[in-house]
Amino acid sequence: MRAPALEVAGLSKEFHVRKPSGWGRRALRAVDDVSFAIPPGRTLGLVGESGCGKSTLGRMIVGLIPPTGGKIRLGGETVRANRSAAERRGIQMVFQDPYASLDPRMTIHDVVAEPLRINGLYSAGKVDRLLTQVGLSPEAGQRRPAQFSGGQRQRVAIARALALDPQVLILDEAVSALDVSIQAQIVNLLRRLQRDLGLSYLFISHDLSVVRHISHEVAVMYLGRIVESGPREAVLGAPGHPYTQALLSAVPSVHRRDRSRRIVLEGDLPNPLDRPSACVFRGRCFKAAPRCANETPALAALDGHHRAACHFAEPTPRERLATLAPADRPQEKTASKEDHT
Amino acid sequence: MSEALLSVRDLVVEFDGPRGPVRVVDGVSFDVGAGEVLGIVGESGSGKSVSLLAVMGLLPAGARIAGGEIRFDGQRIDNAPEATLRALRGGAVSMIFQDPMTSLNPVLRIGTQIGEAIRLHAPRTPKPEVRERVEALLASVGVPDPASRARQFPHEFSGGMRQRAMIAMAIANGPRLLIADEPTTALDVTIQAQVMDVLEGVCARNHASMILVTHDLGLVAETADRIAVMYSGRVAETGPTDALFARPSHPYTRGLLDSLPTLDADHDELRSIPGQPPDMAARPPGCAFHPRCALGQGRPACSRERPDLRTVGTGHAAACHYAEEAAGDAPPREAAQ
């Protein structure tokens, strides 16, 4: 078997935050012992809510912030803390907001040419080819970002990321800011580029439907940890972790309009500075038991590649998720649970 | 339907542009009945938010209502004096915005801000009574421990809690119509589920109507009784939620539904709508959607005549010359580049 295009092992990141008193600092574990591998030409979808550490993870992989611990391997080779030019070229990133990630004073041609010029690889023909590859005309290179819509700007950002022939693209919410009709164009473009160029993607998103569409494997993050991972049919079709189950049941769908089939989680994401001991999800979990407070659940295999970090993991087909919800849940939408608090 | 609570007819809103006025809303009509939830869906720049700002009398400088009329409970409000509108806003009609962090004042306590909403409409309310009502309101939107939470500042609230505080403020004076503009867009799905439950519960308990503006088709599908789909400043299609999703009769609605990936099916390629939404200052002649439309290709009517909303079913209307064809099996569309 060929080495994975990208592999991370035990990757962690701690930030040090000043205490409210102003004296001393506390550690905030944004990413906690994350491991995964992406084979060449495949996509790993990374889902999770805001603050779960998914963007921090992406930024560490691309080298924007140094990890506190763990290893990153590119094509089987461990990437050193001080990356070589080839290592930096190998992993590129596309950001969420195409309005903020392009310099408004540069022409599109210069935006795409910049990484080539820095690496001494510039030729006008190469830039034109890159623009054509993402569905823009070479003439568009003479214009500036302001003259482009969000979807076209995201095409430019993709062309720039492709300029140095990377093996791995980190796509951090790359289609989230776009309207649905445009989002579909960019998703189709990304899939075509993957087919043509054999790229590996780490597709970071909070949108489960898009993740399901574009990914081969899916990992779900909660408070810095991967709580479930595996082939997308398993993770999104029959999730085993209560968090994935709640997340999936909460996605509004045009096709499944029965709101009572939702698992509504109590409470908010805990403050990452006060992470619960042992299982980080137990405070909001409908399956929580005393054991969850004492014993950290390991990411254990459920079935082949499908793994979940829960003592009570139980793969349940998506259609039957509602049967898992606690029985005292209000059935009528008018009588919300807040009434009797 | 009996008398609608809110009735908007042929609304036109113009903004000043560098080359003369730009029609951002171009002849929009819709009704909201008592106790009804109307969903307004559209992509950015379709004019959905501007239409509702016009209803609230909150259009920014440089924008004006250039035609049509807006009636609330039978009364014209589009040309009403500022004092009338001020009494209406936050009273009988109130609005919830997308980003609670920018609509809350960061240096005032949550309780003070909700109390302000109460005292604005009933200035002589004694302080202890205001405090009591604030706590009851916070409790009713599911904020735990309302007495101490009322003394906190917005930055001490999480996103979901802030949006609950905004809802509490919006319902302080028992509104009959709530306008929620992307109320959950900034929130995570699990929190979105909680907030939507609160919003619906609040409307049901107060017998209030709601206009839910969003770009999320799944969310309106779950929540709204009726839906209006907007494109380029006009209503492209409107109808009861079930009918609209079962038989989308405008090629744009169909395209939107087709371009959504779902959790249920595998698609090799998403059927995207080709091209970009038009520039408001240079709308295509005829039907504004025709350059991107699969049905319109080359048909003269589409580029010549602007289609008006036509009835295609009970309470269901679409602004397309070929609505019947759109509702049937759409011809295979070339996959977007």
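Everything discussed here concerns the structure shown above.
Model, not experiment: these values are computed from the prediction.

**Some thoughts on the pattern of salt bridges**
All names here are of chain B.
- On inspection of all chains with the given rule, the structure shows 31 salt bridges over all chains.
- Where arginine 283 meets aspartate 26, a salt bridge forms, and the shortest distance between an N and an O atom there is 3.5 Å. Residue arginine 283 is found in the loop between helix 11 (251–259) and helix 12 (300–304), and its partner aspartate 26 is found in strand 2 (residues 20–32); the two are separated by 257 residues along the sequence.
- A salt bridge links arginine 271 to aspartate 258, with the shortest nitrogen-to-oxygen separation between them at 2.9 Å. Residue arginine 271 is found in the loop between helix 11 and helix 12, and its partner aspartate 258 is found in helix 11; the two are separated by 13 residues along the sequence.
- In this structure aspartate 258 comes out as partly exposed when scored by relative accessible area, which is 24%.
- Shared partners join several salt bridges into a network, and the residues in it are Glu14, Asp16, Arg23, Asp26, Arg64, Arg283 and Arg306.

**Description of the interface of chain B and chain A**
- Chain B puts 55 residues into the contact, and the matching count from chain A is 46 residues.
- Summed over both partners, the interface of chain B with chain A buries about 4,500 Å², with 48% contributed by carbon and sulfur atoms.
- There are zero salt bridges connecting chain B and chain A.
- The tally of links from chain B across to chain A stands at 13 residue pairs in polar contact (both at pLDDT 80 or more).
- Breaking the side of chain B that touches chain A down by element, the ones donating at least two residues are helix 5 (127–140), helix 7 (159–170), helix 8 (189–206), helix 9 (217–223), helix 10 (241–246) and helix 11 of chain B.
- For the side of chain B that touches chain A, the element with the highest residue contribution is helix 8 of chain B, accounting for 13 residues.
- Partitioned by chemical class, the residues of the side of chain B that touches chain A number 23 nonpolar, 18 polar and 14 charged.

**Some thoughts on unusual backbone geometry**
Residues and elements named next belong to chain B.
- In this structure, histidine 207 is a non-glycine residue whose phi angle is positive, near 50 degrees.
- Tracing the backbone shows histidine 207 in the loop between helix 8 and strand 8 (209–214).
- Its identity is not glycine, yet serine 232 carries a phi of approximately 50 degrees, on the positive side.
- Its place among the elements puts serine 232 in the loop between strand 9 (226–231) and strand 10 (234–240).
- Judged by relative accessible area, serine 232 falls into the buried class, the value being 5%.

**A word on the sheet that holds strand 5 (residues 75–76) of chain B**
All names here are of chain B.
- The strand order across the open sheet built from four strands is 2-1-4-5, with neighbouring strands paired in antiparallel fashion. The open sheet has two free edges, formed respectively by strand 2 and strand 5, since each of these has just one partner strand.
- Pairing geometry for strand 1 (residues 6–17) and strand 2, over 10 bridges, is antiparallel. What sits directly across from valine 8, in strand 2, is phenylalanine 30.

**Topic: the packing of helix 3 (residues 108–118) of chain A against helix 5 (residues 150–162) of chain A**
Residue and element names in this part refer to chain A.
- Closest axis-to-axis distance for the helix 3/helix 5 pair is 7 Å, and the angle between their directions is 25 degrees. Classified by the interaxial angle, the pair formed by helix 3 and helix 5 is roughly parallel. Pair helix 3 / helix 5 crosses with right-handed handedness. Between helix 3, through Ile108, Val111, Val112 and Pro115, and helix 5, the contact on the second element is made entirely by Val156, Ala159 and Arg160.
- Its residues placed into classes, the contact of helix 3 with helix 5 shows six nonpolar, no polar and one charged.

The rules behind each value
Residues numbered from 1 in each chain as written. Chains lettered and ligands numbered in written order. Predicted model: local features only at pLDDT ≥ 70, side-chain atom pairs only at ≥ 80, totals over all residues. Heavy atoms only, no water. Salt bridge = Lys/Arg side-chain N within 4 Å of Asp/Glu carboxyl O. Helix = DSSP H or I, 4+ residues; strand = E, 2+ residues; numbered from the N terminus. Buried < 20%, exposed > 50% of the residue type's maximum accessible area, 1.4 Å probe, protein only. Contact = heavy atoms within 4.5 Å. Buried area = accessible area lost by both parts, 1.4 Å probe. Polar contact = N/O pair within 3.5 Å; in protein donor to acceptor, adjacent residues only side chain to side chain. Nonpolar A, V, L, I, M, F, W, Y, C, P; charged D, E, K, R; others polar. Pairing = 2+ DSSP bridges. Axes fitted to C-alpha atoms, helices over the stretch in contact; angles between N-to-C directions. Parallel < 35°, antiparallel > 145°, perpendicular 65-115°, else oblique. Left-handed = near helix turned anticlockwise from the far one by under 90°.

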